[in-house]
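Letter by letter, the chains look like this.
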Amino acid sequence: MSYEWPRIHKVEDNFYMEISEVVHEQVLTHYGVDEIEELTKEQIRELEYFRVHYLSEYSVLQAGYSNLINMWESSGD
């Protein structure tokens, strides 16, 4: 019988959510805001710069920063 991991997508989803929560908490605390929508365009640019220039392209945190930036962009600011 070959190796299997039933419902592996659930595990991956849980990791993705945990990473996103950690990144969101760090960013909101750093900038002293309560909601992602309160971040300014300049702050988002700082986060994008950090993500591109300081994180490895393989960092697990990439997903959290991408998620946060996408949420901010979707908020209409």
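Up top is the structure these notes are about.
Residues numbered from 1 in each chain as written. Predicted model: local features only at pLDDT ≥ 70, side-chain atom pairs only at ≥ 80, totals over all residues. Heavy atoms only, no water.

S.K.: How would you explain a negative patch on the surface if you had to name every residue and give the values?
M.R.: Taken together, the side chains of Asp34, Glu35, Glu37 and Glu38 present a region of like negative charge at the surface. By relative accessible area, glutamate 37 is classed as partly exposed at 40%. (Patch = residues over 30% accessible without salt bridge, like charges linked within 9 Å, V, L, I, M, F, W, Y side chains within 5 Å. Areas by Shrake-Rupley, 256 points an atom, 1.4 Å probe, with all protein chains shown as cover. Salt bridge = Lys/Arg side-chain N within 4 Å of Asp/Glu carboxyl O. Lys, Arg positive; Asp, Glu negative; His and termini not counted. Charge placed at Lys NZ, Arg CZ, Asp CG, Glu CD. Buried < 20%, exposed > 50% of the residue type's maximum accessible area, 1.4 Å probe, protein only.)

S.K.: Help me get a handle on unusual backbone geometry, residues and values and all.
M.R.: With the exception of glycine, most residues fall at negative phi, and the peptide bonds are largely trans. Phi at arginine 7 is positive, roughly 60°, even though this residue is not glycine. Among the secondary structure elements, arginine 7 is positioned in the segment before α1 (8–31). (Helix = DSSP H or I, 4+ residues; strand = E, 2+ residues; numbered from the N terminus.)

S.K.: Account for the environment of leucine 47, naming residues and giving values.
M.R.: Along the chain, the position of leucine 47 falls in helix α2 (residues 41–53). Overall, the relative accessible area of 6% leaves leucine 47 in the buried class. With 20 residues separating them in the primary sequence, leucine 47 and valine 27 have C-alpha atoms 8.5 Å apart. Leaving out residues up to four positions away in the same chain, leucine 47 has contacts with Val27, Tyr31, Leu39, Tyr65, Leu68 and Ile69. (Contact = heavy atoms within 4.5 Å.)

S.K.: Can you explain the packing of aromatic side chains? Please cite residues and give values.
M.R.: Both the distance between ring centres and the angle between the ring planes are used here to describe each pair of aromatic rings. Tallied over the full model, the rule gives three aromatic pairs. For the ring pair phenylalanine 50 and tyrosine 54, a centre distance of 5.8 Å and an interplane angle of 20° mean the geometry is stacked. Since its relative accessible area comes to 60%, tyrosine 54 is described here as exposed. Grouped by ring-pair contacts, the aromatic residues Tyr49, Phe50, Tyr54 and Tyr65 constitute a single cluster. (Phe/Tyr/Trp six-rings, centres within 6.5 Å; stacked < 30°, edge-to-face > 60°.)

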